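# Notes for the structure review
Here are the chains, one letter per residue:
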Amino acid sequence: MIALSQATRAITRSAVAPFFARMPINTGRRWMSVRPQENSVGAGGAAQPPRKKVTIQRLFTLRAQSTPITVLTAYDYPTAQRTERHNVDICLVGDSLAQVCLGYPSTTRLTLSEMVHHCKAVARGASSPLLVADMPFGTYPSPEDAVRNAVWLVQEGRMEAVKLEGGVEIVPVVRALTSLGIPTMAHVGLLPQRHTAFSGYRVQGRDANAAYAVLADARALQAAGAFSIVLEAVPHALAGYITAKLDIPTIGIGAGPACSGQVLVCDDALGTWSGHKAKFVRRFAQVGAHADQGVAEYVKAVRDRSFPSIPQETYEIPEDEWNKFLELDGEVVKAQ
Ligand SMILES: Nc1nc(=O)c2c([nH]1)NC[C@@H]1CN(c3ccc(C(=O)N[C@@H](CCC(=O)O)C(=O)O)cc3)CN21
Ligand SMILES: CC(C)C(=O)C(=O)O
């Protein structure tokens, strides 16, 4: 392999995660040749050079260089295009899709076929970021089921890696996936798919034993071959400690700045989600308020007949054609 980072070397040498050494690491710039326009035009309309494909090896290099890894969710084609244009490293089709895009009360309601449908749209919009999909609740009860369902996300959904919530108890599942070459991201700490069992969405690892359990989960998942691990809603000191102790990149959400990277739900970051706002959310734009204003103005303009305007927003027919048309329908055409 070419130019391996320290971290990657540590992992490829390790007997517990040998699949990295055999992974096809450069899948190339798919589709760039057929649609350079859409993906190489920046937000301001300026042409940008085509992006290089983000590989797992690249994530390890970013970690080794202490360059934060950027992860953003996307559930549709236009959002995926945005992750492509803005050099997002990982585009995550998170199961938060259930709540922020499909209106379910929790992620446990999302089905695999719904997830696959959105994965396909995302894969059409982004090819350079690493494409990761959440395995929905209930789709990884055993290694066999997990492999079958992950293969569906890869083959039908066009995803490159999967993410699973859980700790030591899902080690056999993660081992099965990774040993077959399905890159797997782990997710520990607050596990939204288990909110009912946990009686809500609560910060995890706040006492010594609970913190130690999160560390043990993270270590076990790394040993099972996970290429990265999401740390959700854990004290920032614990996230920093885990990040320092692991060889794989950690991606934090409500886990502080010491993680190897950060993830947010796109609708939280852009302000299109009007539901609950967790403490860890920062709104980088107010798209929802802007969109509401736009809808209100459209409705008003239709009702007061200021939209559409004939000179600006309609089409003309030549006058002689119009007269012929009237004759065809038996109307008397006035002499010119
Ligand atoms: N819009 C959105 N953003 C998300 O980050 C997200 C979803 N939806 N849906 C799926 C899960 C659910 N997530 C959640 C949901 C609620 C909290 C929350 O309310 N946390 C409390 C912690 C309170 C405590 O224990 O002290 C908070 O106030 O931050 C956190 C993550 C993360 N995911
Ligand atoms: C916020 C991320 C980590 C997630 O799991 C989701 O989008 O569901």
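Residues numbered from 1 in each chain as written. Chains lettered and ligands numbered in written order. Predicted model: local features only at pLDDT ≥ 70, side-chain atom pairs only at ≥ 80, totals over all residues. Heavy atoms only, no water.

- Identification of the protein as 3-methyl-2-oxobutanoate hydroxymethyltransferase from Botryobasidium botryosum is taken from an unreviewed UniProt entry.
- Its UniProt record gives the protein the following Catalytic activity (unreviewed entry) comment, quoted word for word: "(6R)-5,10-methylene-5,6,7,8-tetrahydrofolate + 3-methyl-2-oxobutanoate + H2O = 2-dehydropantoate + (6S)-5,6,7,8-tetrahydrofolate".
- Quoted verbatim from the Function (unreviewed entry) field of UniProt, the annotation for the protein is "Catalyzes the reversible reaction in which hydroxymethyl group from 5,10-methylenetetrahydrofolate is transferred onto alpha-ketoisovalerate to form ketopantoate." (UniProt positions renumbered as here; feature names shortened; annotations may be inferred.)

### What to know about the site of ligand 1
- Near ligand 1 there are 19 residues, and of these Gln 99, Val 203, Asp 268, His 276 and Lys 279 occur at the shortest range.
- A distance of 3.5 Å separates an oxygen atom of ligand 1 from a polar side-chain atom of Arg 206.
- Between Asp 268 and ligand 1, the recorded distance is 2.6 Å, taken from a side-chain N or O atom to a nitrogen atom.
- Residues of the shell around ligand 1, tallied by class, amount to 10 nonpolar, four polar and five charged. (Near = heavy atom within 4 Å. Polar contact = N/O pair within 3.5 Å; in protein donor to acceptor, adjacent residues only side chain to side chain. Nonpolar A, V, L, I, M, F, W, Y, C, P; charged D, E, K, R; others polar.)

### Looking at the sheet that holds strand E4 (residues 161-165)
- The eight strands lie next to each other as E1-E2-E3-E4-E5-E6-E7-E8, forming a closed barrel whose pairing is parallel. Strand-to-strand twist in this sheet, taken as the mean axis angle between neighbours without regard to direction, amounts to 25°.
- For strand E5 (residues 184-189) and strand E6 (residues 228-232), the ladder comprises five bridges, and the chain directions are parallel. What sits directly across from Val 188, in E6, is Leu 231.
- Where helix H10 (residues 208-223) meets the sheet, its contacts fall on E5 and E6, and the angle it forms with E5 comes to roughly 170°. (Pairing = 2+ DSSP bridges. Helix = DSSP H or I, 4+ residues; strand = E, 2+ residues; numbered from the N terminus. Axes fitted to C-alpha atoms, helices over the stretch in contact; angles between N-to-C directions. Contact = heavy atoms within 4.5 Å.)

### Examining a nonpolar patch on the surface
- On the surface, a nonpolar cluster with roughly 430 Å² of combined accessible area is contributed by Val 295, Tyr 298, Val 299, Val 302 and Phe 307.
- Turning to its location among the elements, Val 295 is positioned in helix H13 (residues 287-303). (Patch = residues over 30% accessible without salt bridge, like charges linked within 9 Å, V, L, I, M, F, W, Y side chains within 5 Å. Areas by Shrake-Rupley, 256 points an atom, 1.4 Å probe, with all protein chains shown as cover. Salt bridge = Lys/Arg side-chain N within 4 Å of Asp/Glu carboxyl O.)

### Topic: unusual backbone geometry
- Backbone torsion omega between Phe 307 and Pro 308 reads 0°, so that peptide bond is classified as cis.
- Take Pro 308: it is sitting in the loop between H13 and helix H14 (310-313).
- Non-glycine residue Asn 87 carries a positive phi angle of around 60°.
- By secondary structure assignment, the location of Asn 87 is in the loop between helix H5 (77-85) and strand E2 (90-93).
- Residue Asn 87 is classed as partly exposed on the basis of its relative accessible area, which comes to 46%.
- In this structure, Arg 305 is a non-glycine residue whose phi angle is positive, near 60°. (Buried < 20%, exposed > 50% of the residue type's maximum accessible area, 1.4 Å probe, protein only.)

### Overview of the site of ligand 2
- Taken together, Thr 73, Leu 92, Gly 94, Asp 95, Ser 96, Asp 134, Lys 163, His 187, Ile 253, Val 263 and Val 265 make up the full set of residues adjacent to ligand 2.
- At 3.3 Å from an oxygen atom of ligand 2 is found a side-chain nitrogen or oxygen belonging to Asp 134.
- Lys 163 places a polar side-chain atom, nitrogen or oxygen, 2.8 Å from an oxygen atom of ligand 2.
- The fraction of the free accessible surface of ligand 2 (250 Å²) that becomes covered by protein chains is 95%.
- Considered class by class, the residues forming the shell around ligand 2 number four nonpolar, four polar and three charged.

### Things to note about the pattern of salt bridges
- According to the stated counting rule, one finds seven salt bridges in the structure shown.
- Note that Arg 194 is salt-bridged to Glu 169, the shortest N-O span being 2.7 Å. Of the two residues, Arg 194 sits in the loop between E5 and H10 while Glu 169 sits in the loop between E4 and helix H9 (171-179), which places them 25 residues apart along the sequence.
- Given a relative accessible area of 43%, Glu 169 falls into the partly exposed group.

### Section: the packing of aromatic side chains
- According to the stated counting rule, one finds two aromatic pairs in the structure shown.
- Considering the side-chain rings of Trp 322 and Phe 325, the 4.9 Å spacing of their centres and the 25° angle between planes classify their relative orientation as stacked. With a gap of three residues between them, Trp 322 and Phe 325 both fall in helix H15 (residues 319-328), about one helical turn apart. (Phe/Tyr/Trp six-rings, centres within 6.5 Å; stacked < 30°, edge-to-face > 60°.)

### Details of the pairing of E5
- In terms of burial, E5 is largely enclosed, as six of its six residues are buried.
- Alternating positions in E5 separate into two faces, Thr 184, Ala 186 and Val 188 on one and Met 185, His 187 and Gly 189 on the other, with burial throughout.
- Pairing analysis gives four bridges linking E4 to E5, with the strands arranged parallel. Across the sheet, the residue bridging to Glu 165 is His 187, located in E5.
- Handedness of the crossover is the feature at issue here: the chain leaves E4, passes through H9, returns alongside E5, and the resulting connection is right-handed. (Right-handed = clockwise from strand over helix to strand, strands pointing away.)

### A short note on the packing of helix H7 (residues 112-125) against helix H8 (residues 143-155)
- Running from amino to carboxyl end, H7 crosses H8 at an angle of 25°, the nearest separation of the two axes being 9 Å. Here H7 is positioned roughly parallel relative to H8, judged by the angle of their axes. In this structure, H7 crosses over H8, and the sense of that crossing is right-handed. Along the contact surface, H7 presents Leu 112, Ser 113, Met 115, Val 116 and Cys 119, while H8 presents Asn 149, Trp 152 and Leu 153.
- Grouping the amino acids of the contact of H7 with H8 by side-chain chemistry returns six nonpolar, two polar and no charged. (Parallel < 35°, antiparallel > 145°, perpendicular 65-115°, else oblique. Left-handed = near helix turned anticlockwise from the far one by under 90°.)

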